[in-house]
Number of protein chains: 2
Amino acid sequence: MRTAFYISDGTGITSEVFGHALLSLFPAEFDHITIPFVETKEIALQAKQRINDRYKTTGIRPLIFQTFVDEELRQIINSSDGVCYDFLNAFIEPMQKELGIAAMPKTHRTHSIHEKTYDFRIDAVNYALANDDGVNLKEYAKADIILVGVSRSGKTPTSLYLALQYGIKAANYPFVQEDMDMLRLPDELKKQKAKLFGLTITPERLSKIREQRRPGSKYASLRQCKLELDEVEALYQKEKIPFLNSTHLSIEEISAKILAQTGLKRQKY
Amino acid sequence: MRTAFYISDGTGITSEVFGHALLSLFPAEFDHITIPFVETKEIALQAKQRINDRYKTTGIRPLIFQTFVDEELRQIINSSDGVCYDFLNAFIEPMQKELGIAAMPKTHRTHSIHEKTYDFRIDAVNYALANDDGVNLKEYAKADIILVGVSRSGKTPTSLYLALQYGIKAANYPFVQEDMDMLRLPDELKKQKAKLFGLTITPERLSKIREQRRPGSKYASLRQCKLELDEVEALYQKEKIPFLNSTHLSIEEISAKILAQTGLKRQKY
């Protein structure tokens with residue numbers, strides 16, 4: 001199997017995203033190795049050695065996705081036996097021309113700490129934790145968004161992702177039997193109606209997820225899941241709450257769709 | 001201010017990472033607009049119109065970072081008044097040559113749902129929540145890693161990030177007064193010593209963070225912070241627990257450094 005190296009003087013996240021996007025276009029499997037924080041000549045030479053060793057043992061040239069801003073380090077990796085793909089370098093020239101200013105490369109700029117953004121994110125994570133699963137109905141006035149839905153429809157991971165990635169304060173509330181019996185919103189949610197966003201899911205998938213949690217329970221039965229989902233979707237319609245079906249979506253996709261549909265302002269770009 | 005558009009037939013995350021990495025090289029400010037899920041000709045034409053309108057109102061050509069795999073949609077955006085940067089297209093050719101296979105573009109591959117990976121991530125998020133802040137010491141045998149440190153040193157956001165991004169099960173434990181007085185590890189942690197990873201932080205930064213939480217408290221005082229950090233670092237040294245200082249690091253950087261230092265196997269690449 002061919003090896004893909006992701007090498008960077010920072011976290012390597014950009015190199016990984018860059019490499020994955022390209023590799024996902026090809027119907028093949030790869031061995032993935034990330035070498036982050038290659039910040040000195042010495043570490044770069046070690047990384048080069050790892051690439052060359054890999055070539056020697058496998059006989060196939062590894063692919064190198066790198067995002068160095070330091071020219072000397074970049075050259076060391078480029079001189080390895082790997083096939084180097086370097087997207088920053090490929091686009092700097094045309095961008096300099098278009099912007100009419102020179103690039104001023106600084107390492108660690110993309111995924112490093114930006115104090116203001118950082119505080120927003122940590123605050124948002126703390127908020128999501130304190131307002132997870134309907135444990136707290138009193139802080140909904142501070143929410144940017146309140147995710148609603150039946151138990152296990154994806155609310156918690158989505159709330160946390162919105163907080164960590166975008167600094168968005170997301171509370172989440174799981175409808176309880178009483179809400180459903182009456183087909184009505186609890187008063188605390190009614191007051192914040194413009195912030196509500198519903199999640200739904202197919203009964204089959206919900207039952208499968210719940211089955212892992214409480215095997216053989218009524219809670220996990222297809223009949224119970226279908227009942228709850230029918231009710232909750234009727235409630236969304238009745239109250240005109242925007243919603244989406246999370247069944248075939250990743251956490252990233254659910255979050256991106258919520259941002260696109262609500263026009264929610266993110267704190268981090 | 002010049003506008004940067006991130007346009008994609010998927011979440012737009014790849015386009016954003018790609019664009020941010022490039023823009024961060026330039027000493028300038030930009031207006032950011034993401035248009036995700038451009039999946040049809042009609043939506044692509046609307047996106048093109050938004051770009052052209054922006055050019056008309058600002059008089060400056062917007063920058064377009066796009067990652068389309070569909071040729072027709074790509075062409076529609078390319079025919080806009082924006083300056084298009086298209087990294088997939090720039091690298092597909094040389095990669096096809098090197099790999100000796102044709103690219104088989106499929107939309108939504110990078111950040112879409114992969115059932116196996118997905119379950120790992122959700123399980124890891126649930127694990128992190130159930131084992132946050134030392135609330136549960138009984139499930140440490142199932143942990144991939146246990147983050148330790150004083151209150152507010154970054155353990156919780158890091159645990160959640162490791163879970164969401166990498167599917168790693170991270171518990172976290174905040175040392176309590178008794179642990180510190182005795183300069184010893186609780187029994188539950190001793191049993192899992194190989195999994196422990198310590199976080200530390202400067203007293204100044206810790207005091208600032210705690211001050212936001214409980215203004216004027218002893219808990220937030222510089223003296224108390226310094227005392228706790230001295231003790232905790234002595235404990236790390238005594239017990240040979242690997243640790244890092246999170247003061248100037250983002251959540252991404254802390255997580256990447258932990259992965260690099262521990263060699264922890266991630267479930268998601």
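Residues numbered from 1 in each chain as written. Chains lettered and ligands numbered in written order. Predicted model: local features only at pLDDT ≥ 70, side-chain atom pairs only at ≥ 80, totals over all residues. Heavy atoms only, no water.

### What to know about the relation of the copies chain B and chain A
At step 1: By a simple turn and slide, chain B fits onto chain A: the slide is 0.0 Å along the axis, the RMSD is 0.0 Å, and the turn is 180°. The two molecules are tied by a two-fold rotation axis, judged by turn and shift.
At step 2: When the interface residues of chain B are mapped onto chain A, 100% of them again lie at the interface, so the same face is used by both copies. (Least-squares fit on C-alpha atoms with pLDDT ≥ 70 in both. Contact = heavy atoms within 4.5 Å.)

### Topic: the domain arrangement of chain A
At step 1: By the assigned domains, chain A splits into domain 1 (2-99) and domain 2 (115-262).
At step 2: One C-alpha centre belongs to domain 1 of chain A, the other to domain 2 of chain A; they are set 39 Å apart. (Domains from an automatic or database assignment.)

### Digging into the sheet that holds strand E1 (residues 2-7) of chain A
Residues and elements named next belong to chain A.
At step 1: Across the sheet, which stays open at both edges, the 4 strands sit in the order E2-E1-E3-E4 with parallel pairing between neighbours. The open sheet has two free edges, formed respectively by strand E2 (30-35) and strand E4 (83-85), since each of these has just one partner strand. Strand-to-strand, the axes of this sheet are offset by a mean angle of 20°, without reference to chain direction.
At step 2: Pairing between strand E3 (residues 63-66) and E4: 3 bridges, direction parallel. Counted as the bridge partner of Leu63 is Val83 from E4.
At step 3: In the packing of helix H3 (residues 71-78) onto the sheet, the strands contacted are E1, E3 and E4, and the crossing angle to E3 comes to about 170°. (Pairing = 2+ DSSP bridges. Helix = DSSP H or I, 4+ residues; strand = E, 2+ residues; numbered from the N terminus. Axes fitted to C-alpha atoms, helices over the stretch in contact; angles between N-to-C directions.)

### So, the packing of aromatic side chains
At step 1: By the definition in use, this model includes 23 aromatic pairs over all chains.
At step 2: Measuring from ring centre to ring centre gives 6.1 Å for A:Phe91 and B:Tyr85, while their planes differ by 85°; the resulting arrangement is edge-to-face. Taken together, the positions of A:Phe91 in helix H4 (residues 87-99) and B:Tyr85 in strand E4 (residues 83-85) put the pair across two chains. The pair A:Phe91 / B:Tyr85 is uniform in exposure class, with both members buried. (Phe/Tyr/Trp six-rings, centres within 6.5 Å; stacked < 30°, edge-to-face > 60°. Buried < 20%, exposed > 50% of the residue type's maximum accessible area, 1.4 Å probe, protein only.)

### Some remarks on the interface of chain B and chain A
At step 1: Between chain B and chain A, the residue contacts involve 85 residues of the former and 85 residues of the latter.
At step 2: Across the interface of chain B and chain A, roughly 7300 Å² is buried in total on both sides, 68% from carbon and sulfur atoms.
At step 3: Counting across the interface, chain B meets chain A through 6 salt bridges.
At step 4: Among the ionic pairs, B:Glu98 bridges to A:Arg2, the shortest N-O distance being 2.8 Å.
At step 5: Joining chain B to chain A, the criterion identifies 8 residue pairs in polar contact (both at pLDDT 80 or more).
At step 6: With 10 residues, the single largest contributor to the side of chain B that touches chain A is helix H4 (residues 87-99) of chain B.
At step 7: Its residues assigned to classes, the side of chain B that touches chain A shows 48 nonpolar, 18 polar and 19 charged. (Buried area = accessible area lost by both parts, 1.4 Å probe. Salt bridge = Lys/Arg side-chain N within 4 Å of Asp/Glu carboxyl O. Polar contact = N/O pair within 3.5 Å; in protein donor to acceptor, adjacent residues only side chain to side chain. Nonpolar A, V, L, I, M, F, W, Y, C, P; charged D, E, K, R; others polar.)

### Quick look at the nonpolar core
At step 1: In this structure, A:Ile145 and B:Ile145 are the most contacted members of the largest nonpolar core, which totals 52 residues.
At step 2: Discounting chain neighbours no more than four positions away, the residues touching A:Ile145 are A:Leu162, A:Ile168, A:Lys169, A:Ala170, A:Ala171, A:Lys195, A:Phe197, A:Ile258, A:Thr262 and A:Leu264.
At step 3: With 40 residues, the next largest nonpolar core counts A:Leu25, A:Ala103, B:Leu23 and B:Leu88 among its residues. (Core = buried A, V, L, I, M, F, W, Y, C linked by side-chain atoms within 4.5 Å.)

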